[in-house]
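Examining the three-dimensional arrangement
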Amino acid sequence: MTQLPERTEKKLGLVIDLDTCVGCHACVVSCKGWNTENYGAPLSDQSPYGADPSGTFLNRVHSYEVQPDQGAAQLIHFPKSCLHCEDAPCVTVCPTGASYKRTEDGIVLVNETDCIGCGLCAWACPYGARELDAAEGVMKKCTLCVDRIYNENLPEEDRLPACVRTCPAGARHFGDLGDPGSEVSQLVAERGGMDLMPEQGTKPVNKYLPPRPKDEMDHIPATAGEIDVLAPLLKPVAEEPKGFIGWLDKALEKL
Amino acid sequence: MHPAPSVIIFTTLSGLGFGLLFWLGLGLPPVTGWVAFVFFAIAYALAVGGLLASTFHLGHPERALKAFTQWRTSWLSREAWTSVAALIAMALYGAGLVFFGTQWSVLGWLGAALSLLTVYSTSMIYGQLKTVPRWRTPLTPTLLLAISLAGGALLAGQITAALILLPIAAVLQVLWWVRGDNALRDSGTTMESATGLGHIGRVRAFEPPHTGTNYLLREFVHVVGRKHAIKLRVIALGLGYALPVLLLLLPFGHLIAVLAILAHLAGIAASRWLFFAEAEHVVGLYYGKR
């Protein structure tokens, strides 16, 4: 049924910390691995060792350079997967009912046996979270590892989405964002978690934690006092060239 | 957006076919017998041919019947219903004209309304998408309906109607282009809003997720076709609208009518190519592209 539920009992989703992500792509690899071997059609690759390799991924990590008006540019690694939107435009456009949002936990899923592979849901998603698998002809998307999080055959510590379980930096968190007392909700409140493309009106469940401000040791005024016992050692050793280099500098200036 | 030939053929031909069915449903021209048969054969070849072409881009065309189930929310599903309803109503109406020489007017009007509803549903598949700001405007269904009505009038030999509708469609076409050129900028979606990093500074894509291409880039980030956009717009306007009007102003003849129809078809195909090739999907922003 492509009518979105009025409300869901839980809002399971991810919180991604852009301050902590180191851009190692381990989540990409573990996602591809788990979702190729488990629920649904495998995530195929086309000519993986050829001249023009490409393949289906449910999670991709971008890297952005952000240039503030003043100061140094920052490099920010940016993992992106399905945001399990409350107002998911991908679900309502589906003509067959293959796409649906679960009432019990808010996960957006595709029933692959109903999917005709028209691609309209991928057109409707602003985040690029859905990819049509070139080998299977059906739409693939993040399932929030629905086959892990409720899986009693797995040890309890593994009942997390594969990307969260594998992240070596602890940049990915999983939980119920509909419960204000949950760890993820508190993290969002504390760190100012944000929506991607809020103007699209999709009301994403997944939140992103913005990078913390960078330290500014390089331009703290001298009057601010010493900030570290090692600070004097960090002063430039020679501000004006001396000796032979000094003479050479002056001689070349005069030429 | 990737200008897939199957979708360009589908929207161009079935738009024209349902446009012709609209005029036939109104009893214009008032034909019966063999002449009616030829008119209906052309309309069905265009409408059904277009619909069949659209199934070529499906991953699983054998499951296409499931597309009738979600009419409550999905314009694609509504299009499936309206097209089948229009084709059935017009087939019965056509049978009356061809085999019994009688015009069941009410059935014809119903078929005409359903034909327009089909074109409207098709246009709303595009017009509903917030992710493609160039398409997301009431001008999209207005333009596609105008093109369908004008082309249908041309095929149905309704010269006066075509002479009025073709210029109207041309004006709508130009308005649609002019509005579309600023649509992405006016939508407010930027790399800064896409990444949420705008409060720090200006965002630049440093490294894409993969060295190779992927489904998203192939489907949504088509920049090659935009290179000749201005030339193609001139061709679309000239062939699709201006030339047919000039030809219709000449003394009527079947050869001139065929030329006008072929010019119109070629012009609309060029316009439809641009409809896709120029459309920017916001997902391109994540790749620093548009």
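Residues numbered from 1 in each chain as written. Chains lettered and ligands numbered in written order. Predicted model: local features only at pLDDT ≥ 70, side-chain atom pairs only at ≥ 80, totals over all residues. Heavy atoms only, no water.

Per an unreviewed UniProt entry, chain B is named DMSO reductase anchor subunit, and its organism is Roseovarius pacificus.

For chain A, an unreviewed UniProt entry supplies the name Fe-S-cluster-containing dehydrogenase component and the organism Roseovarius pacificus.

**A word on the side chain of Arg102(A)**
Residues and elements named next belong to chain A. Structurally, Arg102 is set in the loop between strand S6 (99-101) and strand S7 (108-110). Under the relative-accessibility criterion, Arg102 is labelled buried at 17%. Residue contacts for Arg102: discarding those within four places in its chain leaves Thr8, Ile107, Leu109, Val146 and Tyr150. (Helix = DSSP H or I, 4+ residues; strand = E, 2+ residues; numbered from the N terminus. Buried < 20%, exposed > 50% of the residue type's maximum accessible area, 1.4 Å probe, protein only. Contact = heavy atoms within 4.5 Å.)

**Things to note about unusual backbone geometry**
A cis geometry characterises the amide bond from Leu28(B) onward to Pro29(B), with omega recorded as -5 degrees. Topologically, Pro29(B) is positioned in the loop between helix H1 (5-25) and helix H2 (33-55). Phi at His84(A) takes a positive value of approximately 45 degrees, unusual for a residue other than glycine. Take His84(A): it is sitting in the loop between strand S5 (74-81) and helix H2 (89-92). Classification of His84(A) as buried rests on a relative accessible area of 0%.

**Topic: the packing of aromatic side chains**
Counted under the stated rule, the structure contains 20 aromatic pairs over all chains. By the ring-pair criterion, three or more aromatic residues cluster together here, those being Trp123(A), Tyr126(B), Trp135(B), Trp176(B), Phe275(B) and Phe276(B). Over the ring of Phe57(A) we find Lys32(A); its NZ or CZ atom is 4.1 Å from the centre of that ring. (Phe/Tyr/Trp six-rings, centres within 6.5 Å; stacked < 30°, edge-to-face > 60°. Lys NZ or Arg CZ within 6 Å of the ring centre and 35° of its normal.)

**Here's the deal with the interface of chain B and chain A**
Each partner contributes residues to the interface: chain B has 59 residues there, and chain A has 62 residues. Buried surface at the junction of chain B and chain A, summed over both partners, amounts to about 4800 Å²; 59% is from carbon and sulfur atoms. By the criterion of area lost to chain A, the three top residues of chain B are Ile200(B), Tyr215(B) and Tyr286(B), representing 14% of everything that side buries. Summed over the shared surface of chain B and chain A, the number is two salt bridges. Put simply, Glu65(A) and Arg204(B) hold a salt bridge, and the shortest N to O gap is 3.1 Å. On inspection of chain B and its partner chain A, the count reaches 29 residue pairs in polar contact (both at pLDDT 80 or more). Breaking the side of chain B that touches chain A down by element, the ones donating at least two residues are helix H3 (75-99), helix H4 (105-127), helix H8 (191-195), strand S1 (202-207) and helix H9 (215-220) of chain B. Considering every element that reaches the side of chain B that touches chain A, the biggest residue donor is S1(B), with six residues. A breakdown of the residues in the side of chain B that touches chain A according to their chemical character gives 27 nonpolar, 23 polar and nine charged. Bridge count for strand S4 (residues 59-67) of chain A against S1(B) is five bridges, and the pairing is antiparallel. (Buried area = accessible area lost by both parts, 1.4 Å probe. Salt bridge = Lys/Arg side-chain N within 4 Å of Asp/Glu carboxyl O. Polar contact = N/O pair within 3.5 Å; in protein donor to acceptor, adjacent residues only side chain to side chain. Nonpolar A, V, L, I, M, F, W, Y, C, P; charged D, E, K, R; others polar. Pairing = 2+ DSSP bridges.)

**Focus: the nonpolar core**
Nonpolar side chains in soluble globular proteins tend to be buried together. Grouped together as the largest cluster of nonpolar side chains are 140 residues, with contacts concentrated most on Trp123(A), Leu21(B), Trp135(B), Phe220(B) and Tyr286(B). Ranked by residue count, the leading element in this core is H1(B), at 10 residues. Setting aside residues up to four positions removed in sequence, Trp135(B) forms contacts with Trp123(A), Met1(B), Tyr126(B), Gly127(B), Leu129(B), Thr140(B), Trp176(B), Phe275(B), Phe276(B) and Ala279(B). In this structure, Val15(A), Leu187(A), Val205(A) and Leu209(A) belong to the second largest nonpolar core, which totals seven residues. (Core = buried A, V, L, I, M, F, W, Y, C linked by side-chain atoms within 4.5 Å.)

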